[in-house]
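A look at the structure
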Amino acid sequence: MAKVLVLYESNNRGYTADMAALVAEGAKSLEGVDVRVRSVEDAGEDDICWADGIALGSPTNLGGISWRMKEWWDTRSFDLWGALDGKLGCAFSSSGAWGGGGEQTCMALNTLMMNFGMLVFGVTDYVAPKMAPHYGAICAGSPRTEAEQEMCRRLGRRLAEWCAVYVDGVAAAHPSQASYDRAVQHG
């Protein structure tokens with residue numbers, strides 16, 4: 001059974017927490033996947049080591065990762081070094097506005113995971129016209145529209161699919177076998 005951790009930091013508005021709930025919902029949509037959702041305030045090293053895949057979410061602060069998310073990794077990294085090698089990872093972020101640095105934050109989160117030897121991925125799917133989580137799911141504020149919500153769910157679903165394929169050996173979980181629409185017109 002694939003194990004997915006959704007680890008996030010959310011500021012006082014809770015937008016990244018809203019995204020985390022949707023990412024978890026997407027991961028749970030694949031039968032047999034065990035999902036944990038933890039904020040950096042509640043997560044421990046045992047949660048990270050338990051997971052086969054980690055969806056990492058942070059608000060975009062000044063174009064980058066929030067200080068609380070960065071602090072979590074900075075203060076726990078020595079104990080986790082080597083333990084995360086080969087785990088799967090993806091990212092999501094909420095910013096104050098479109099163009100506020102959400103994709104840049106996702107890339108920074110992906111780079112953080114790569115430093116621990118994790119295998120990170122993007123999602124090729126378009127969930128709505130001009131809406132795709134290529135570098136991670138991003139939103140300006142809370143995910144209000146169906147397309148924004150689906151971007152979060154799709155990211156979680158894809159993490160669960162890759163965990164099922166690569167960790168559990170379930171070839172039928174490969175995204176190319178998916179019954180959902182992977183290429184909504186993006187013109």
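See the structure shown above.
Residues numbered from 1 in each chain as written. Predicted model: local features only at pLDDT ≥ 70, side-chain atom pairs only at ≥ 80, totals over all residues. Heavy atoms only, no water.

Once that is clear, we can look at the overall build of the protein. The helix and strand inventory of the protein stands at 5 helices and 7 strands. Each helix (α) and strand (β) of the protein, taken in turn from the N terminus, gives the series β-α-β-α-β-β-α-β-α-β-β-α. Compactness check: the protein gives a C-alpha radius of gyration of 15 Å against a globular reference of 16 Å for 187 residues, within 12% of the reference. C-alpha extents for the protein along the principal axes are approximately 45 × 40 × 20 Å. Pairs at least 24 residues apart make up 75% of the contacts formed inside the protein by residues separated by at least 6 positions. (Helix = DSSP H or I, 4+ residues; strand = E, 2+ residues; numbered from the N terminus. Rg over C-alpha atoms; globule rule 2.2 N^0.38 Å. Contact = heavy atoms within 4.5 Å.)

Before going further, it helps to spend a moment on the pattern of salt bridges. Counting across every chain of the model gives 14 salt bridges. Of the charged contacts in the structure, one is a salt bridge between Asp125 and Arg154, with a shortest N-O distance of 2.9 Å. Within this pair, whereas Asp125 is found in the loop between β6 (119–120) and β7 (137–140), its partner Arg154 is found in helix α5 (residues 146–166), the two being separated by 29 residues in sequence. Each member of the pair, Asp125 together with Arg154, is buried. (Salt bridge = Lys/Arg side-chain N within 4 Å of Asp/Glu carboxyl O. Buried < 20%, exposed > 50% of the residue type's maximum accessible area, 1.4 Å probe, protein only.)

Counted by the stated rule, this structure contains 4 aromatic pairs. Here Trp162 and Tyr166 contribute two aromatic rings whose centre-to-centre distance is 5.4 Å and whose plane-to-plane angle is 25°, an arrangement assigned as stacked. Highlighted residues: Trp162 and Tyr166, both in helix α5, separated by 4 residues, approximately one helical turn. On the basis of relative accessible area, Tyr166 is assigned to the exposed category, the value being 57%. Each residue in the set Trp72, Trp73, Trp81 and Phe116 is aromatic and connected to the rest through ring pairs, giving one cluster. A cation over a ring is seen here: Arg36 above Trp50, with NZ or CZ 3.9 Å from the ring centre. (Phe/Tyr/Trp six-rings, centres within 6.5 Å; stacked < 30°, edge-to-face > 60°. Lys NZ or Arg CZ within 6 Å of the ring centre and 35° of its normal.)

Attention shifts here to the side chain of Thr16. Inspection of the secondary structure puts Thr16 in helix α1 (residues 15–28). Under the relative-accessibility criterion, Thr16 is labelled buried at 1%. Residues in contact with Thr16, not counting those within four places in the same chain, are Tyr8, Glu9, Ser10, Gly57, Ser58, Pro59, Phe92 and Ser94.

What the rule picks out here adds up to 0 disulfides. Cysteine Cys106 is unpaired, with the sulfur of Cys90 as its nearest cysteine sulfur at 9.0 Å. With no disulfide partner, Cys139 has as its closest neighbouring cysteine sulfur the one in Cys152, 4.5 Å distant. On the basis of relative accessibility, which here comes to 1%, the residue Cys139 falls in the buried class. (Disulfide = S-S within 2.5 Å.)

Moving on: the environment of Thr124. Along the chain, Thr124 falls in the loop between β6 and β7. A relative accessible area of 55% places Thr124 in the exposed class. Taking C-alpha positions, Thr124 is 8.4 Å from Ala183, a pair spaced 59 residues apart along the chain. Discounting chain neighbours no more than four positions away, the residues touching Thr124 are His134, Arg158 and Arg182.

The subject of this paragraph is the nonpolar core. Formed by 35 residues in total, the largest nonpolar core has its most connected members in Val4, Val6, Phe92 and Leu159. Where this core is concerned, the elements lending two or more residues are β1 (3–8), α1, β5 (88–95), β7 and α5. Top contributing element to this core by residue count: α5, with 10 residues. (Core = buried A, V, L, I, M, F, W, Y, C linked by side-chain atoms within 4.5 Å.)

Glancing now at α5. Between its terminal C-alpha atoms α5 stretches 30 Å, which fits the 30 Å expected from 21 residues at 1.5 Å a residue. For α5, a buried count of 18 out of 21 residues is recorded, marking the element as mostly surrounded by other parts of the structure. (Expected span 1.5 Å × (residues − 1).)

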